[in-house]
Amino acid sequence: TEVEEFDSVLRDRSHIDETLRLAAEEKAADYAAAIQKLRKIYHTSIKPMEQAYKYNELRQHEISDGEITSKPMVLFLGPWSVGKSSMINYLLGLHDSPYQLYTGAEPTTSEFTVIMHGEKIRSVEGIVMAADSSRSFSPLEKFGQNFLEKLIGIEMPHKLLERVTFVDTPGIIENRKQQERGYPFNDVCQWFIDRADLIFVVFDPTKLDVGLELEMLFRQLKGRESQIRIILNKADNLATQDLMRVYGALFWSLAPLINVTEPPRVYVSSFWPYDYAPDTSRELFKREEISLLEDLNQVIENRMENKIAFIRQHAIRVRIHALLVDRYVQTFKEKMSFFSDPELVFQEIVDEPDKFYIFKSILAKTNVSKFDLPNRDAYRDFFGINPIANFKSLASQCSYIGGCLLDKIEKAITNELPALLSSINSGKQPGLSSCEVTGCGEKPKNRYRKN
């Protein structure tokens, strides 16, 4: 038939390699040296504070070496059968290859599929991925064996996968109950969202209904708006006038879910290997596709800066947590007397932190933003698991050889991490040998700013 004949015409993919600069050689040595420096800063200046004040018990986010050295992660989310898997096949040129992701009109992807670089093409079971501590996926073990059976890795030698990892997710099915999946779907999504450098939320012009599961997903994306890109896929299925109507309807549906002044960028195109349908806006779709590829390339190019931003943001949170725990410790010691009941005294402090100026004193004495302060209720749970007697004050967390934990983490935040960023931006190699202590002997040229 005419449709089959048209479908067999494959689109030219040369612009993908050109836009993503896949033929260009990378300075692997510079990148490896910067990663090594970042690891050293984390292990010597940030992790000791994390461990001393059990930060992981508060945030449930432990940074592994695998996470520091991992490639940028691009996450594909959206309703079922909107073209997420087809888009990955198209970007990687997997069409008609044995390892193309399975696609179809019905819900097809029931697994979380991680597509990553490897020396040869092979699939990796989720249980194996979680057991390998050198990968960044070992924390996924906490979601249970049912989930690990729904996690699969695909390794293949591909230039793009040398620089980025793709994650394909099961489609959102609005009439399905959470428990039917057999694992905590939203919690798993949150784990990937927290680690993704770019999040593509894909829509089909015929499936714009927003239900409870999609609403929940956008609640989970709160705070990550800068990473979100909306994709209106299969756009060549519609006439131009209908497409404009659908574009408006998509914004109307999403407006209540994305409460930011600047909405995420929306890309309108058709991401699959076949040529665009006749009599559609093919020039517009091609330009949109190139814009999306440039966006992806920007994330790849800025991966080291983004990683430093992530570690620095993490260090700031750890520091604030330590300052708060220290304040709780000091307040407890001040309020205790010979005849006091320790449990009752501390219960009062935890229940009414404002009465003892716990949070206000941190804001008054340090350069901490009130927007960075954690939820005070979280400390009721935190101290329920970790008795106050288990913690020392910050003043006593010093040693003659190692120095003070607070000084080290502050130096990392204000000096070492910005200096590492400056050395990358100026094209200098941050060698370990010459600048172990001083962070390459440079003062940051400007205050650190997240890209």
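Structure: above.
Summarised in this report is the structure supplied together with it. (Residues numbered from 1 in each chain as written. Predicted model: local features only at pLDDT ≥ 70, side-chain atom pairs only at ≥ 80, totals over all residues. Heavy atoms only, no water.)

### Let's talk about the packing of aromatic side chains
Considering all chains together, one arrives at 26 aromatic pairs under this definition. Between Trp 272 and Tyr 274, the aromatic rings sit 4.8 Å apart at their centres with planes inclined by 75°, giving edge-to-face as the arrangement. Residues Tyr 379 and Phe 383 carry aromatic rings whose centres are separated by 6.2 Å and whose planes lie at 40° to one another, so their mutual orientation is tilted. Of this pair, Tyr 379 and Phe 383 both sit in helix H16 (residues 377-385), 4 residues apart, which is roughly one turn of that helix. (Phe/Tyr/Trp six-rings, centres within 6.5 Å; stacked < 30°, edge-to-face > 60°. Helix = DSSP H or I, 4+ residues; strand = E, 2+ residues; numbered from the N terminus.)

### Here's the deal with the sheet that holds strand E4 (residues 151-156)
The mixed open sheet is built from 8 strands, whose spatial order is E3-E4-E2-E5-E1-E6-E7-E8. Across the chains shown, the open sheet's two edge strands, defined by having one partner strand only, are strand E3 (122-125) and strand E8 (265-268). Here the average twist between neighbouring strands, direction ignored, is 20°. Taken strand by strand, helix H6 (residues 84-92) contacts strand E1 (73-77), strand E2 (112-117), strand E5 (165-168), strand E6 (198-203) and strand E7 (228-232), and its axis lies near 160° from that of E5. (Pairing = 2+ DSSP bridges. Axes fitted to C-alpha atoms, helices over the stretch in contact; angles between N-to-C directions. Contact = heavy atoms within 4.5 Å.)

### Let's talk about H6
Counting along an α-helix, one turn takes 3.6 residues, and residues three or four places apart therefore face a common direction. With 9 of its 9 residues buried, H6 lies for the most part within the structure. Once H6 finishes, Gly 93 follows within two positions and takes phi at roughly 65°, a positive value. (Buried < 20%, exposed > 50% of the residue type's maximum accessible area, 1.4 Å probe, protein only.)

### What to know about the pattern of salt bridges
Side-chain pairing between opposite charges can occur once the charged atoms of the two side chains come close. What the rule picks out here adds up to 15 salt bridges. The salt bridge partner of Arg 195 is Glu 67, with a shortest N-O separation of 3.7 Å. On the criterion of sequence distance, the pair formed by Arg 195 in helix H9 (residues 185-195) and Glu 67 in helix H5 (residues 65-69) is long-range, its members being 128 residues apart. Per residue, the accessibility class of Arg 195 equals that of Glu 67, and both read buried. In this structure, Asp 354 and Arg 376 form a salt bridge, with 2.3 Å as the shortest nitrogen-oxygen distance. Separated by 22 residues along the polypeptide, Asp 354 in the loop between helix H14 (342-351) and helix H15 (358-365) and Arg 376 in the loop between H15 and H16 bring together distant segments of the chain. For Asp 354, a relative accessible area of 42% translates into the label partly exposed. (Salt bridge = Lys/Arg side-chain N within 4 Å of Asp/Glu carboxyl O.)

### Looking at helix H17 (residues 405-425)
Helix length check: H17, at 21 residues, gives a terminal C-alpha distance of 29 Å against a target of 30 Å (1.5 Å per residue), a fit within 8%. Approximately 50° is the largest bend angle found in H17, and it occurs at Ala 412. Taken together, the buried positions of H17 are Leu 405, Ile 409, Ala 412, Ile 413, Glu 416, Leu 417, Pro 418, Ala 419, Leu 420, Leu 421, Ser 422 and Ser 423. (Expected span 1.5 Å × (residues − 1). Bend = angle between axes of the 7 residues up to and from the residue.)

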